[in-house]
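Listed below are the residues making up each chain.
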Amino acid sequence: MKNIVLFASGSGSNVENIVQYFHDKPNVTIASVLTNKRDAKVLDRCNKLNISSLCFNRIAFQETDCILDILKGMDPDLIVLAGFLWKVPEKIINSFPNKIINIHPALLPKYGGKGMYGNKVHMAVKNNNESESGITIHYVNEHYDEGAIIHQAKTKILPEDKVDDIATKVHALEYEHFPKIIEQLLAQ
Ligand code: GAR
């Protein structure tokens, strides 16, 4: 049995997609979904999906070993950041080498780094008149969006595409690729 912990900060549509993907796969369980935002929509999704969830603050995550100890207790095979916006403290990264992955809504190393998340990324892509964007799934290290790349996928951007259109195209790639990459990593 393989066991995943998910982190999210907002809507959680990727969380829902991942939960649904593994729903009928008896060898993978979602141990819990952890969020730093008490009003995040992902918490409603977890309730509807009957998935365990947990909300924490900066003290629990960064200043004490509270979340680290909870993670150790869950003994995850993979920790998946699915729209999680806080930097992961080094002590957590060091405790789970090559077990923490993130999805970024652009083709890293372009459009990464602190403050680059969600629609801010798509707006920058639009403002630079890019003809393509995409997703990057990568290992997490101590720098924002700089860990080793596991997988990228691209989508064409048309001149008439608005920021929301880019977001929709990128989300579609995320839903298609992210669960499959998680499954492949769990099988290694
Ligand atoms: C996703 O597009 C994900 O790639 C992005 O946040 C969105 C969350 O959507 N992550 C980042 O920007 C991280 N820098 P969701 O809450 O609907 O899954």
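That block above? That's the structure.
Residues numbered from 1 in each chain as written. Predicted model: local features only at pLDDT ≥ 70, side-chain atom pairs only at ≥ 80, totals over all residues. Heavy atoms only, no water.

## Digging into the layout of surface pockets
Over the atoms rolls a probe the size of a water molecule, and in doing so it shows where empty space is left.
Moving on, step 1. Considered as a void within the structure, the largest pocket measures approximately 890 Å³ in volume.
Moving on, step 2. Together, 41 residues line the largest pocket, and G83, F84, L85, Y117 and G118 are the ones closest to its centre.
Moving on, step 3. Of all the elements in the fold, those that place two or more residues in the lining of the largest pocket are α1 (13–22), α3 (58–63), β5 (100–104), α6 (118–127) and α7 (163–187).
Moving on, step 4. In terms of residue count, the dominant contributor to the lining of the largest pocket is α7 (4 residues).
Moving on, step 5. Grouping the amino acids of the lining of the largest pocket by side-chain chemistry returns 15 nonpolar, 19 polar and 7 charged. (1 Å grid on protein atoms, 1.4 Å probe; cavity = no way out; pocket = protein on both sides within 12 Å on 5 of 7 lines; lining within 4 Å. Points joined across faces, edges and corners; volume = space filled by probe spheres on them. Helix = DSSP H or I, 4+ residues; strand = E, 2+ residues; numbered from the N terminus. Nonpolar A, V, L, I, M, F, W, Y, C, P; charged D, E, K, R; others polar.)

## Looking at the pairing of β5
Moving on, step 1. Extensive coverage of β5 is indicated by the burial of 5 of its 5 residues.
Moving on, step 2. Both faces of β5 are covered, namely the face carrying I100, N102 and H104 and the face carrying I101 and I103.
Moving on, step 3. By the bridge criterion, 3 bridges tie strand β4 (residues 78–81) to β5 in an arrangement that is parallel. In the sheet register, I79 faces β5, and the bridge partner there is I100.
Moving on, step 4. Remark: the β4/helix α5 (residues 90–95)/β5 crossover connection has right-handed handedness.
Moving on, step 5. Two elements, β5 and strand β6 (residues 132–139), share 4 bridges in a ladder whose sense is antiparallel. Looking at the pairing, H104 lines up with T136 of β6. (Buried < 20%, exposed > 50% of the residue type's maximum accessible area, 1.4 Å probe, protein only. Pairing = 2+ DSSP bridges. Right-handed = clockwise from strand over helix to strand, strands pointing away.)

## Regarding the pattern of salt bridges
Moving on, step 1. Throughout the structure, instances matching the rule amount to 6 salt bridges.
Moving on, step 2. With its nearest N and O atoms 2.7 Å apart, the salt bridge here joins E16 to R45. With E16 in helix α1 and R45 in helix α2 (residues 41–49), this pair connects stretches of sequence that are 29 residues apart.
Moving on, step 3. The exposure class of E16 is partly exposed, given its relative accessible area of 22%.
Moving on, step 4. We note a salt bridge from E130 to K110, for which the minimum N-O separation is 3.1 Å. Remark: K110 occurs in the loop between β5 and α6 and E130 occurs in the loop between α6 and β6; sequence separation between them is 20 residues.
Moving on, step 5. Look at E130 and you get buried, because its relative accessible area is 19%. (Salt bridge = Lys/Arg side-chain N within 4 Å of Asp/Glu carboxyl O.)

## Considering unusual backbone geometry
Moving on, step 1. The amide bond that connects L108 to the next residue, P109, takes the cis arrangement and shows omega of 10°.
Moving on, step 2. One non-glycine residue, N50, lies in the positive phi region at around 60°.
Moving on, step 3. Within the element layout of this structure, N50 appears in the loop between α2 and β3 (53–55).

## Remarks on the nonpolar core
Considering soluble globular proteins, one finds that nonpolar side chains tend to be buried as a cluster.
Moving on, step 1. Counting 37 residues, the largest nonpolar core has I4, L6, I18, V80, I101, F178 and I182 as its most contacted members.
Moving on, step 2. Residues contacting I182, with those up to four places away along its chain left out, are I4, I18, F22, L78, V80 and I101.
Moving on, step 3. Residues V5, F56, L81 and V88 belong to the second largest nonpolar core, which totals 20 residues. (Core = buried A, V, L, I, M, F, W, Y, C linked by side-chain atoms within 4.5 Å. Contact = heavy atoms within 4.5 Å.)

## Quick word on the packing of α1 against α7
Moving on, step 1. Where α1 contacts α7, the axes come no closer than 10 Å and their chain directions differ by 45°. On the basis of the axis angle, α1 is oblique to α7. For the pair α1 and α7, the crossing hand works out as right-handed. In this structure, α1 contributes S13, N14, N17, I18, Y21 and F22 to the contact, and α7 contributes H171, E174, Y175, F178, P179, K180, I182 and E183.
Moving on, step 2. The residue makeup of the contact of α1 with α7, split by class, is 7 nonpolar, 4 polar and 3 charged. (Axes fitted to C-alpha atoms, helices over the stretch in contact; angles between N-to-C directions. Parallel < 35°, antiparallel > 145°, perpendicular 65-115°, else oblique. Left-handed = near helix turned anticlockwise from the far one by under 90°.)

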